[in-house]
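One-letter residues, chain by chain:
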Amino acid sequence: MSEVDFQARDTPIQRADPLARELGLAAGQLWIKRDDRTGLNSGGNKARKLEYLVADALEQGCDTLVTTGAAQSNHVSATAAAARATGMTCVAVLSTLGAQHQAEGNLLLDDLFEIEVVWTSPDQRQAVLAETTRQLSDQGRAPYAIPLGGTNPLGAVGYVTAAEELEHQVPGCIAVCAVGTGGTQAGLTVGLENHERVLGFDVAAVPGLADTVPEVIRDCAERLDRPQPLGTWSVDRSQAQEPYGKPTEATHEAIRLTAQTLGVVLDPVYTGRAMAGLIATSRRATLPDAPIVFVHTGGMPALFTHTYRPWFQVPSEFDPAH
Ligand SMILES: Cc1ncc(COP(=O)(O)O)c(C=O)c1O
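Everything numeric in this text was worked out from a predicted model, so none of it was measured.

Calculation notes
Residues numbered from 1 in each chain as written. Predicted model: local features only at pLDDT ≥ 70, side-chain atom pairs only at ≥ 80, totals over all residues. Heavy atoms only, no water. Pairing = 2+ DSSP bridges. Helix = DSSP H or I, 4+ residues; strand = E, 2+ residues; numbered from the N terminus. Axes fitted to C-alpha atoms, helices over the stretch in contact; angles between N-to-C directions. Contact = heavy atoms within 4.5 Å. 1 Å grid on protein atoms, 1.4 Å probe; cavity = no way out; pocket = protein on both sides within 12 Å on 5 of 7 lines; lining within 4 Å. Points joined across faces, edges and corners; volume = space filled by probe spheres on them. Nonpolar A, V, L, I, M, F, W, Y, C, P; charged D, E, K, R; others polar. Salt bridge = Lys/Arg side-chain N within 4 Å of Asp/Glu carboxyl O. Buried < 20%, exposed > 50% of the residue type's maximum accessible area, 1.4 Å probe, protein only. Near = heavy atom within 4 Å. Polar contact = N/O pair within 3.5 Å; in protein donor to acceptor, adjacent residues only side chain to side chain. Areas by Shrake-Rupley, 256 points an atom, 1.4 Å probe, with all protein chains shown as cover. Domains from an automatic or database assignment. Buried area = accessible area lost by both parts, 1.4 Å probe. Phe/Tyr/Trp six-rings, centres within 6.5 Å; stacked < 30°, edge-to-face > 60°. Lys NZ or Arg CZ within 6 Å of the ring centre and 35° of its normal.

### Some remarks on the sheet that holds strand E2 (residues 30-34)
Here comes step 1: The sheet built from five strands is open, its strands ordered E1-E2-E9-E7-E8 with mixed pairing. With partners counted over all chains shown, the strands left at the sheet margins are strand E1 (13-15) and strand E8 (198-202), one partner each. Pairs of neighbouring strands in the sheet enclose a mean axial angle of 25°, with direction left out of account.
Here comes step 2: Pairing of E1 with E2, which is carried by three bridges, proceeds in the antiparallel orientation. The residue bridging arginine 15 from the neighbouring strand is tryptophan 31, located in E2.
Here comes step 3: Packed onto the sheet, helix H10 (residues 271-283) meets E2, strand E7 (174-179), E8 and strand E9 (292-296) and runs at close to 160° relative to E9.

### Some thoughts on the layout of surface pockets
Here comes step 1: Taken as a whole, the second largest pocket holds about 280 Å³ of empty space.
Here comes step 2: Lining the second largest pocket are 15 residues, and of these Gln126, Leu148, Thr181, Val206 and Thr212 lie nearest its centre.
Here comes step 3: Looking at the lining of the second largest pocket, the element that brings in the most residues is helix H8 (residues 209-224), giving three residues.
Here comes step 4: Among the residues making up the lining of the second largest pocket, the classes are represented as seven nonpolar, six polar and two charged.

### Some points on empty space enclosed by the protein
Here comes step 1: What the rule picks out here adds up to one cavity of 30 Å³ or more.
Here comes step 2: Surrounding the largest cavity, Leu40, Asn41, Ser42, Gly43, Ser77, Ala78, Ala81, Leu109 and Phe113 form its lining.
Here comes step 3: For the lining of the largest cavity, the leading source of residues is helix H3 (residues 74-85), giving three residues.

### Examining the sheet that holds strand E3 (residues 64-70)
Here comes step 1: One open sheet accounts for four strands, arranged E5-E4-E3-E6; its pairing is parallel. Both outer strands of the open sheet, strand E5 (116-120) and strand E6 (143-145), are each paired with one neighbouring strand and no more. Between one strand axis and the next, the sheet turns through 25° on average, direction left out of account.
Here comes step 2: Where E3 lies against E6, three bridges are found, and the strand directions are parallel.

### Focus: the pattern of salt bridges
Here comes step 1: This model, assessed by the stated rule, comprises 16 salt bridges.
Here comes step 2: Of the charged contacts, one joins arginine 15 and aspartate 17 as a salt bridge, the two residues approaching to 2.8 Å between their closest N and O atoms.
Here comes step 3: Residues glutamate 242 and lysine 246 are paired through a salt bridge, measuring 3.1 Å at the closest nitrogen-oxygen approach.
Here comes step 4: Taking the relative accessible area as the measure of exposure, lysine 246 reaches 40% and is therefore partly exposed.
Here comes step 5: Each of Lys33, Asp35, Arg48 and Glu165 takes part in one network of salt bridges that share partners.

### Brief notes about the environment of threonine 89
Here comes step 1: Relative to the assigned elements, threonine 89 resides in strand E4 (residues 89-95).
Here comes step 2: Residue class for threonine 89 comes out partly exposed when judged on its relative accessible area of 23%.
Here comes step 3: Distance in space between the C-alpha atoms of threonine 89 and glutamate 253 is 39 Å, their sequence separation being 164 residues.
Here comes step 4: Not counting the four nearest positions on each side in its chain, threonine 89 is found in contact with Asp63, Thr64, Leu65, Ala83, Arg84 and Arg141.

### Concerning the site of the ligand
Here comes step 1: Around the ligand there are 15 residues in total, and Lys49, Gly180, Thr181, Thr184 and Thr297 lie nearest to it.
Here comes step 2: Lysine 49 places a polar side-chain atom, nitrogen or oxygen, 2.6 Å from an oxygen atom of the ligand.
Here comes step 3: Between the ligand and the protein, one listed contact pairs an oxygen atom with a backbone N or O atom of glycine 180 at 2.7 Å.
Here comes step 4: Its free accessible area being 390 Å², the ligand has 97% of it covered by the protein chains.
Here comes step 5: Those elements that place two or more of their residues in the shell around the ligand are helix H2 (45-59) and helix H7 (183-192).
Here comes step 6: Tallying contributions element by element places H2 first for the shell around the ligand, with three residues.
Here comes step 7: Classifying every residue of the shell around the ligand gives two nonpolar, eleven polar and two charged.

### A short note on the domain arrangement of the protein chain
Here comes step 1: Per the domain assignment, the segments of the protein chain are domain 1 (13-40 + 151-311) and domain 2 (45-150).
Here comes step 2: Placing a centre on the C-alpha atoms of domain 1 and another on those of domain 2 gives a separation of 24 Å.
Here comes step 3: Summing both sides of the interface, domain 1 and domain 2 together bury roughly 2,100 Å²; the carbon and sulfur share of this comes to 58%.
Here comes step 4: Counting the surface domain 1 buries against domain 2, the share from its top three residues, Leu40, Thr151 and Leu154, is 27%.
Here comes step 5: Applying the counting rule to domain 1 against domain 2 returns two salt bridges.
Here comes step 6: Linking glutamate 165 and arginine 48 is a salt bridge whose minimum nitrogen-to-oxygen distance equals 2.9 Å.

### Overview of the packing of aromatic side chains
Remark: the centre distance and the inter-plane angle together describe each pair of aromatic rings, the angle taken between the planes.
Here comes step 1: Per the counting criterion, the structure on display carries two aromatic pairs.
Here comes step 2: For the pair tyrosine 244 and tyrosine 270, a centre-to-centre distance of 5.9 Å together with 70° between the ring planes defines the contact as edge-to-face. A residue pair is termed long-range when its members are at least 10 positions apart, and tyrosine 244 in the loop between H8 and helix H9 (249-262) and tyrosine 270 in the loop between H9 and H10 qualify at 26 residues.
Here comes step 3: Judged by centre distance (5.1 Å) and plane angle (50°), the rings of tyrosine 308 and tryptophan 311 are tilted. There is no split in this pair, since tyrosine 308 and tryptophan 311 are both buried.
Here comes step 4: If you follow arginine 48 out to its NZ or CZ, it ends over the ring of tyrosine 159, 5.4 Å from the centre.

In structure tokens, the structure reads:
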């Protein structure tokens, strides 16, 4: 397979003692894996998946990455960057809920990479992705279709590697992550070989995770000739009660607490919600008695969109005299 390097490996890990203290955890019990510091700009967890998916695309002689996501998709802007980094272009099927989308956040990045956009509704994404890929082939291009979130057994391999790093960095840890399409959770579970060692918080991005994620886990383990993980798949749905991306007070609190105790910025759609879930779980004193590693999967651009503007107090007037 072609070698593709999006600086996705060996991300740093940091102790999170000041945050642990706020949550009533012992010093040394809480860590953050900085997967927000992978390559592809703000690509976060996507860089790990895309190293494998883009290598496959190049191997097949493709010239266009075709993918799908919400208007503010981190995955789409990361795929667009990955395409440009490897001499390809990107076509994205973006979904709208009928809301007016403003030129902000990830849509600005998409424009920098000059992606071609096809708009659709969330329930049509898969069908339009398939149709767009077919049309591109008919036009003589060589498209490579990447599913929503880059989640399939090949993309998930990126997180098997992450799990191996984790096992080295904090042996015996429990990994905590946001679950959108579930590829991150799937890869971590295969790598740690035990469902109990991954605590995933559903952020309400897609329905039907119970049907899709266990299948990705099974196929990913088979592909790598690794054992099927012990136990059974589950996801914590406590943060999935509000619609995907909707600002919640718990998320806002989690983002502020993390920023003010660690100087680390989480995102409002995925990692902020997962941290809200971790905070709630630790307050209920139901966390397993093991070191916890919160996997920061990136996503900061969404914070800079109008949706979350009410969270912020900024000076309303600039006084040039001062
Ligand atoms: C910042 C961020 N974190 C986490 C996730 C969830 O990852 P997965 O789709 O692998 O569950 C996403 C997915 O888009 C994301 O953008």
